[in-house]
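Residue strings, one per chain:
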Amino acid sequence: NPSHNSTILLPALSPSPKVRGTHPDCSIVLHFQKREAECLERIRSESQTPGQEGCPTEWDGVSCWPALPLGQSRAVACPDILHVFKKSKGLIQRNCTERGWSVPSPPYHSACQLETPGSDNDTEATARHFVTMKVLYTCGYSTSLAALLLAIGIFSCFRKLHCTRNSIHVHFFTSFVLRGTAVFIKDGVLFSDESIDHCTMSTVTCKAAIAFFQYSVLANFCWLLVEGLYLQTLLLLTFTCDRSYTCGYVLLGWGVPMVTVGVWVLTRLQYDNHGCWDDYSSPYWWVIKAPILLAIFVNFLIFLNITRMLAQKIRCPDLSKTHKQQYLRLTKSTLLLIPLFGVHYVVFALFPEHVGVDARLYFELVLGSYQGFLVALLYCFLNGEVQAEIRRNWGKWQRSMESNVFNLATQDFTA
């Protein structure tokens, strides 16, 4: 009975928490979907050839049984899938009888030793773990969004802060805002309804949310690269601000991600249009991953080069004390900007997606959610130029208020 055999997967899949874009159990679901599609395609091709006797090809929910003449038997091996079956060398046999295929013998759960799910306590603990993680990264992205929007407002309102350097910072802040917003949109689309299986969801809204998320992540990494390139340009040009590079920076920060995600969307539509496009095991994921890794490693090289240039300038005997202090401040800032350059992602880039999943989740979701706040803090709130401009405008506003109060009091007295 196909419906009976397919239910043996439910214990392994039921504890899967629904707070992440791609849970490892989704790969199991997609694996069986792919095998089923291949089997159904085989059944359709055989149905076009009439006159076959015996038992036709059948999908029983776990394995595909090829057509077999009457009176013969066939054996298949256990599916080689981690976290579902303990054994992959066990054999299940079925006979072709006059009444059709016989019941699998021995049953899958006996021959393959079905992995038993954790206890109720373990399941509850896992659920609490992921709920806690979601609360933490929600708070992180909310804090970052508030800080980034305030920083963008500060750079936009004060005219004296308008320059190429701060313009790049605003674009950088905007990429973080898009990334945080995309996370909330993705969570809302994928996990708003607990009754919907996000592994098999395949709607236009879902795919659009994932595409927007991938664009915001890629744009964020590209603007990280722009910040690194610009800092190196400042050192090479002896702190002169060259506006001729601005258009190139904008094309790199927003244009490259747009083209890359466009190619990825067209590729998925043409060759791999299943699910919600959040399956990172797909080979087409490299269309997105390759530019991200390239940006990370280039930024890492830029960081090493900047450190070398600063060390040379600081050791220069002809350098004045004022300039040496300026370079020392820049060195400290550069060391603080290591996480902003994405150097830490190099560690994760060297390992496959399934290695160190818990550590990766904590770093990318929880700690990564506060990255935007750190960016706003370093580039805006702790920026001496910004602080001086705020103090100047605050003093100007106070003097204006005092003048208005004095004028009102004088008018009342003369009246």
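Since this is a predicted model, take the numbers as computed values, not measurements.

## Section: the pattern of salt bridges
And then number 1: Enumeration according to the criterion identifies seven salt bridges in this entry.
And then number 2: A salt bridge links arginine 35 to glutamate 38, with the shortest nitrogen-to-oxygen separation between them at 3.8 Å. With arginine 35 and glutamate 38 both in helix H3 (residues 24-47) and three residues apart, this pair spans about one turn of that helix.
And then number 3: When its relative accessible area of 35% is taken as the criterion, arginine 35 is described as partly exposed.
And then number 4: Here glutamate 389 makes a salt bridge to arginine 392, at a shortest N to O gap of 2.9 Å. Residue glutamate 389 and its partner arginine 392 are located together in helix H14 (residues 384-414), separated by three residues, close to a single helical turn.
And then number 5: Assessed through its relative accessible area of 37%, arginine 392 is described here as partly exposed.

## Digging into the UniProt feature "transmembrane region" (unreviewed entry) in the protein
And then number 1: Feature annotation in UniProt assigns "transmembrane region" (unreviewed entry) to the following positions: residues 135-158, 212-237, 249-266, 286-306, 327-350 and 362-382.
And then number 2: Within the segment residues 212-237, helix and strand shares are 96% and 0% respectively, and the terminal C-alpha atoms sit 36 Å apart.
And then number 3: In the segment residues 249-266, helix accounts for 100% and strand for 0%; the C-alpha atoms at its two ends are 26 Å apart.

## Some details on the environment of isoleucine 92
And then number 1: Counting through the fold element by element, isoleucine 92 comes out in strand S4 (residues 91-97).
And then number 2: Taking the relative accessible area as the measure of exposure, isoleucine 92 reaches 0% and is therefore buried.
And then number 3: Distance from isoleucine 92 to tyrosine 108, taken between C-alpha atoms, is 7.0 Å for residues 16 residues apart in sequence.
And then number 4: In contact with isoleucine 92, not counting residues within four places along its chain, are Trp65, Arg74, Ala75, Val76, Ala77, Cys78, Pro104, Ser105, Pro106, Tyr108, Ala111 and Cys112.

## Focus: the packing of helix H7 (residues 204-236) against helix H9 (residues 286-315)
And then number 1: Put simply, H7 and H9 touch, their axes get as near as 9 Å, and they point 20° apart. With respect to their mutual orientation, H7 and H9 come out roughly parallel. The two elements H7 and H9 cross, and the hand of that crossing is left-handed.
And then number 2: Residue composition of the contact of H7 with H9, grouped by class: 19 nonpolar, five polar and one charged.

Procedures and definitions
Residues numbered from 1 in each chain as written. Predicted model: local features only at pLDDT ≥ 70, side-chain atom pairs only at ≥ 80, totals over all residues. Heavy atoms only, no water. Salt bridge = Lys/Arg side-chain N within 4 Å of Asp/Glu carboxyl O. Helix = DSSP H or I, 4+ residues; strand = E, 2+ residues; numbered from the N terminus. Buried < 20%, exposed > 50% of the residue type's maximum accessible area, 1.4 Å probe, protein only. UniProt positions renumbered as here; feature names shortened; annotations may be inferred. Contact = heavy atoms within 4.5 Å. Axes fitted to C-alpha atoms, helices over the stretch in contact; angles between N-to-C directions. Parallel < 35°, antiparallel > 145°, perpendicular 65-115°, else oblique. Left-handed = near helix turned anticlockwise from the far one by under 90°. Nonpolar A, V, L, I, M, F, W, Y, C, P; charged D, E, K, R; others polar.

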